[in-house]
Amino acid sequence: MNEFVTWEALGSYAGAVMMVTLITQLLKGTPLGRWNSQLVAYLMAAALLVGAEAANGRPLTVQSTVLCLLNAVMVALAAGGAYDAATTVPFRHEE
């Protein structure tokens, strides 16, 4: 494996969730950090999935673009859930 991230990997569910999570967290330190993070995650996921579709040599049709936009909803929600799961303390013992 010569590359850390490939367009093929970004076109997969796990690759897209990972990259959207990382990019969304990176953007929180910029002026885009003032935007709703769920909206930023969705826009990033949509751009990433459409870009991966085009980069992998598949034709961008109306159907494939609509599917990318629908899949972006699932990717953005999963990215937000992954961040929440990583930052939430599961068992907090209060005395």
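Within each chain, residues carry numbers counting from 1 in the order of the written sequence. In keeping with the model being predicted, local features are shown solely for residues with a pLDDT of at least 70 and side-chain atom pairs are shown and tallied solely at 80 or more, while totals for entire chains, interfaces and linings include all residues. Calculated side-chain values reflect all of the structure's heavy atoms, with hydrogen atoms and water omitted.

1. Observations regarding the overall build of the protein chain
Then, number 1: Looking only at helices and strands, one finds four helices and zero strands in the protein chain.
Then, number 2: Going from the N terminus to the C terminus, the protein chain shows its helices and strands as α-α-α-α.
Then, number 3: Contacts between residues were defined by any pair of non-hydrogen atoms, one from each residue, lying within 4.5 Å. Within the protein chain, residue pairs in contact and separated by at least 24 positions form 60% of the contacts whose partners lie at least 6 positions apart.
Then, number 4: For the protein chain, the computed accessible surface area is about 6800 Å², with 64% contributed by carbon and sulfur atoms. Secondary structure elements are defined from DSSP: runs of H or I of at least 4 residues count as helices, runs of E of at least 2 residues count as strands, and each element is numbered from the N terminus. Each accessible area is a Shrake-Rupley estimate made with a 1.4 Å probe; only the visible protein chains count as cover when residues are assessed.

2. As for the side chain of Ser-64
Then, number 1: Along the polypeptide, Ser-64 turns up in helix α4 (residues 62–87).
Then, number 2: Contacts described as polar in this section are N or O atom pairs within 3.5 Å, which, within protein, must combine one atom able to donate a hydrogen with one able to accept it, while residues neighboring in sequence count only if both atoms come from side chains. Within polar-contact distance, the side chain of Ser-64 engages the backbone nitrogen of Thr-61 at 2.9 Å.

3. Describing helix α2 (residues 13–27)
Then, number 1: Working rule for helices: expected span equals 1.5 Å times residues minus one. Taking 1.5 Å of rise per residue, 15 residues should cover 21 Å, and α2 covers 21 Å from first to last C-alpha, within 8% of that figure.
Then, number 2: Throughout this description, buried means an accessible area under 20% of the type-specific maximum (1.4 Å probe, protein chains only), exposed means over 50%, and partly exposed covers the range between. Three or more residues of α2 are buried, namely Gly-15, Ala-16, Val-17, Met-19, Val-20, Thr-21, Thr-24 and Leu-27.

4. Points about a nonpolar patch on the surface
Then, number 1: Distance thresholds for patches are 9 Å for like charges and 5 Å for nonpolar side chains (Val, Leu, Ile, Met, Phe, Trp, Tyr), applied to residues having over 30% relative accessible area and no salt bridge. Salt bridges are counted wherever a side-chain nitrogen of Lys or Arg sits within 4 Å of a carboxyl oxygen of Asp or Glu. A contiguous nonpolar surface patch, about 370 Å² in accessible area, is contributed by Leu-32, Trp-35, Leu-39 and Leu-43.
Then, number 2: By the secondary structure assignment, Trp-35 is in the loop between α2 and α3 (37–55).

5. Remarks on the confidence of the model for the protein chain
Then, number 1: Here pLDDT means the predictor's own confidence in every residue, given as a number from 0 to 100. Across the protein chain, the average pLDDT comes to 85, with 89% of residues at or above 70.
Then, number 2: For the protein chain, the element scoring lowest by mean pLDDT is helix α1 (residues 7–10), at 86; α3 scores highest, at 92.

6. Observations concerning the side chain of Thr-24
Then, number 1: As for its placement among the helices and strands, Thr-24 is situated in helix α2.
Then, number 2: Of the polar contacts made by the side chain of Thr-24, one reaches the backbone oxygen of Val-20; its length is 2.7 Å.
Then, number 3: Once residues within four sequence positions are removed from consideration, Thr-24 is found in contact with Ser-37 and Ala-41.

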